[in-house]
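# Descriptive structure summary
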Amino acid sequence: MAETVTLSGKTSPGLLASLDPLLREWLPRQRWFAGKGRPVTGFSLVAATELLPAGARLGLYHLLVRARQGAAPGDCYQLLIGVRAALPPRLAPALIGHVTQGPLAGRTVFDALYDTRPAELLLEALRTGTRIGALRCERDPEQEIRSGLVPRRLTGEQSNSSVIYGDTFILKLLRRVVPGVNPDLELPLALAREGCPRVPAPTAWMHADLGGDGHEDESYVLAVLQPYVQGAADGWELALRELAKGEDFTAEARALGRATAEVHGALARALPTATLGQAQTGPAVHGMIERLDAAAQAVPALRPYAPALRTAFTALADLAAEGRTWTAQRVHGDLHLGQCLRAASGEWSLIDFEGEPARPLGERRMPQPAVRDVAGMLRSFDYAAHSADPPAPGWAHACRAAYCSGYAEAAGVDPRTDPVLLRAYETDKAIYEVVYEARHRPDWLPVPLSAIRRLAAPPDLP
Ligand SMILES: Nc1ncnc2c1ncn2[C@@H]1O[C@H](COP(=O)(O)OP(=O)(O)O)[C@@H](O)[C@H]1O
Ligand SMILES: O=P(O)(O)O[C@H]1O[C@H](CO)[C@@H](O[C@H]2O[C@H](CO)[C@@H](O)[C@H](O)[C@H]2O)[C@H](O)[C@H]1O
């Protein structure tokens, strides 16, 4: 059981100067660093909270730092910095570096999320609703959090960093943080209020209040604790496994379609919806075209297809000009097979409501056509099929159809009945993926590019 400690909560002048040269080298290497490809030229401190003093065997600091990259102020990152005299071998992968200057000179600093003790302290702070410096923990009083659950860091590709506690809870520590309401907390809380069982209900969460006057824009969501879906496999793993065996996945695809529609139904009941007419569709189409142009600039392989892809967007604007309207609601925003967990019971849950991390928060929180998430899942079946060897386009086609049928069963409306809307959103997603892959996983670029070729073909041709 975690022993009770008093977190010091002091601010730490001079700390950043100590860490600056080490962070410049370490931060860009992290999977969750969003500014890949541009060097970090300096840091500014947004907030520093000493949790355990550096003079102790284990020092611990919570930092929010802005990483400057060129002229812009740069993104703000959340770091949990551990300080020790030397690192034991088990912490070698967590090394940030050996400090040579400032108040921590002679000490070794590391990413403290790799270490058991700091992870235990985080859970304890969430469990007890601790406030320390700018940090404030809150929790759902209806959910019990046992103390002393054993932490283990989640390994693997992630946009943030997570710790699992005794297979009971999972804590996601957000890495690139922005002030304001974070949909990764907002939407699961709204779904929990609506009684939707498809999304794990947040158990506890941590904010940083930096304004001091309670102004929403000065509050950052830093971390969310939620129940861990035990023995779960994610949809991506399952799909690849079935593909490798040459097995059908349509029953699961149909169940996923139903689960998506149930979540959409609950979100539409829980949060405001809107009607999109020409006045709203125009700017949305404009945004899609702008993203296409920016993507074609960034990724030369996209350029030959840009004029044809543009027609997917102008066709939507044409429908709006004829007087068509669409309903918009809050959506997941970055739905793909990796965001779907199948529990041992066979039931599907959806996770990670942060939306596409690269988009501004305001845009991510805007009501949008629910088909946006459908398009994300359709792309994901295509991804799975194209990463199989040999590629299995027939498998993708069958799953995509089954997913839409499942969605229609629960929503009462089949996304395929609005092909112009669906093509526009699938095209927008595939363009996002081209940029994402070019930036993060260049070997994967052919996967979205194969969809780009299909989407660029006029829709009435095979
Ligand atoms: N409630 C949960 N139960 C079980 N595993 C989970 C849960 N939430 C997340 N995970 C696991 O953690 C991984 C990362 O979570 P996710 O919310 O997608 O984080 P990120 O934003 O860093 O990508 C998921 O792919 C899944 O394997
Ligand atoms: O993991 P995140 O939620 O941060 O999402 C980002 O990374 C995803 C890849 O890990 C990326 O998804 C793309 O690749 C998936 C296979 O790895 C595939 O299932 C998705 O359909 C495809 O979009 C996602 O786009 C990105 O935002």
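In the nomenclature of an unreviewed UniProt entry, the protein is known as Maltokinase of Streptomyces achromogenes. On record in UniProt, under Pathway (unreviewed entry), the comment for the protein is "Glycan biosynthesis; glycogen biosynthesis." Turning to the protein, the UniProt annotation filed under Catalytic activity (unreviewed entry) states: "D-maltose + ATP = alpha-maltose 1-phosphate + ADP + H(+)".

Next up on the list: the overall build of the protein. When its secondary structure is counted, the protein shows 12 helices and 18 strands. On C-alpha atoms alone, the protein measures out to a radius of gyration of 23 Å, which is about the 23 Å that the 2.2 N^0.38 rule sets for 462 residues. Its C-alpha atoms give the protein principal-axis dimensions of about 70 × 50 × 45 Å. Residues classed as buried in the protein amount to 53% of the 462 residues present. The contacts of the protein with a sequence gap of at least 6 include a subset with a gap of at least 24, amounting to 67%. On the protein, roughly 19,800 Å² of surface is accessible, and the fraction owed to carbon and sulfur atoms is 54%. Taking the average place of the 49 positive charges on the side chains of the protein and the average place of its 52 negative ones, the gap between the two points comes to 4 Å.

Before going further, it helps to examine the site of ligand 1. The immediate surroundings of ligand 1 are formed by 17 residues, with Q158, N160, K172, Q226 and V229 found nearest. Within the side chain of K172, one N or O atom sits 2.9 Å away from an oxygen atom of ligand 1. With respect to ligand 1, the side chain of Q226 contributes an N or O atom lying 2.6 Å from a nitrogen atom. Of all elements in the fold, only β10 (169-173) and β13 (219-227) reach the threshold of two or more residues within the shell around ligand 1. Among the residues forming the shell around ligand 1, the class breakdown is 8 nonpolar, 6 polar and 3 charged.

In this model, D389 is joined to P390 through a cis peptide bond whose omega is 0°. Here P390 shows up in the loop between α9 (371-387) and α10 (393-411). The residue D352 is not glycine, and still its phi comes out positive at about 65°. For D352, the location among the structural elements is in the loop between β18 (348-350) and α8 (361-364).

A separate point is the sheet that holds β18. Taken together, 3 strands build an open sheet; the order of strands is β14-β17-β18 and the sheet is antiparallel. Each end of this open sheet is capped by a strand with a single partner; those strands are β14 (233-234) and β18. With 2 bridges joining them, β14 and strand β17 (residues 340-342) adopt antiparallel strand pairing. Note on β17: the bridge partner recorded for D234 is L341. Contacts from helix α5 (residues 250-270) reach β17 and β18 within the one sheet, and its direction differs from that of β18 by about 45°.

Okay, the site of ligand 2 next. With respect to spatial proximity, 13 residues lie near ligand 2, and among them S159, Q339, S380, Y432 and E433 are the closest. Between ligand 2 and Q339, the relevant distance is 2.8 Å, taken from an oxygen atom to a side-chain nitrogen or oxygen of the residue. Measuring from an oxygen atom of ligand 2, one finds a side-chain N or O atom of Y436 at 2.9 Å. In isolation ligand 2 exposes 530 Å². Once the protein is present, 92% of that is buried.

Another aspect to go through is the pairing of β10. Counting buried residues in β10 gives 5 out of 5 residues, a clear majority hidden from the surface. With burial as the criterion, each face of β10 is covered, one bearing F169, L171 and L173 and the other bearing I170 and K172. The hairpin formed by strand β9 (residues 161-165) and β10 contains 3 residues between the paired strands, and G166 there has a positive phi angle of roughly 50°. Bridge analysis of β10 against β13 gives 5 bridges, and the strand direction is antiparallel. The residue bridging K172 from the neighbouring strand is V224, located in β13.

Spatially, 7 strands are ordered β6-β7-β12-β13-β10-β9-β8 in an open sheet, and the strand pairing comes out antiparallel. Each of the sheet's edge strands pairs with one partner strand only, and the pair in question is β6 (131-132) and β8 (151-153). Where β8 and β9 come together, 3 bridges link them in antiparallel fashion. Residue P151 lies in a different strand from β9, and its bridge partner there is Y165. Packed onto the sheet, helix α3 (residues 183-193) meets β10, β12 (204-209) and β13 and runs at close to 140° relative to β12.

Let us look at the side chain of R330. Here R330 shows up in the loop between β16 (326-328) and β17. Taking relative accessible area as the criterion, R330 reaches 5% and is therefore assigned buried. Of the polar contacts made by the side chain of R330, one reaches the side chain of E186; its length is 2.9 Å. For R330, the side chain forms a polar contact with the main-chain oxygen of R365, separated by 3.1 Å. Setting aside residues no more than four positions away along its own chain, R330 makes contact with P183, E186, L187, L267, L271, P272, R364, R365, M366 and P367.

The predicted model of the protein averages 93 in pLDDT, with 95% of residues at 70 or higher. Scoring the predicted complex yields pTM 0.93 and, for the interface, ipTM 0.97.

Parameters and conventions
Residues numbered from 1 in each chain as written. Chains lettered and ligands numbered in written order. Predicted model: local features only at pLDDT ≥ 70, side-chain atom pairs only at ≥ 80, totals over all residues. Heavy atoms only, no water. UniProt positions renumbered as here; feature names shortened; annotations may be inferred. Helix = DSSP H or I, 4+ residues; strand = E, 2+ residues; numbered from the N terminus. Rg over C-alpha atoms; globule rule 2.2 N^0.38 Å. Buried < 20%, exposed > 50% of the residue type's maximum accessible area, 1.4 Å probe, protein only. Contact = heavy atoms within 4.5 Å. Areas by Shrake-Rupley, 256 points an atom, 1.4 Å probe, with all protein chains shown as cover. Lys, Arg positive; Asp, Glu negative; His and termini not counted. Charge placed at Lys NZ, Arg CZ, Asp CG, Glu CD. Near = heavy atom within 4 Å. Polar contact = N/O pair within 3.5 Å; in protein donor to acceptor, adjacent residues only side chain to side chain. Nonpolar A, V, L, I, M, F, W, Y, C, P; charged D, E, K, R; others polar. Pairing = 2+ DSSP bridges. Axes fitted to C-alpha atoms, helices over the stretch in contact; angles between N-to-C directions. pLDDT = per-residue confidence, 0-100.

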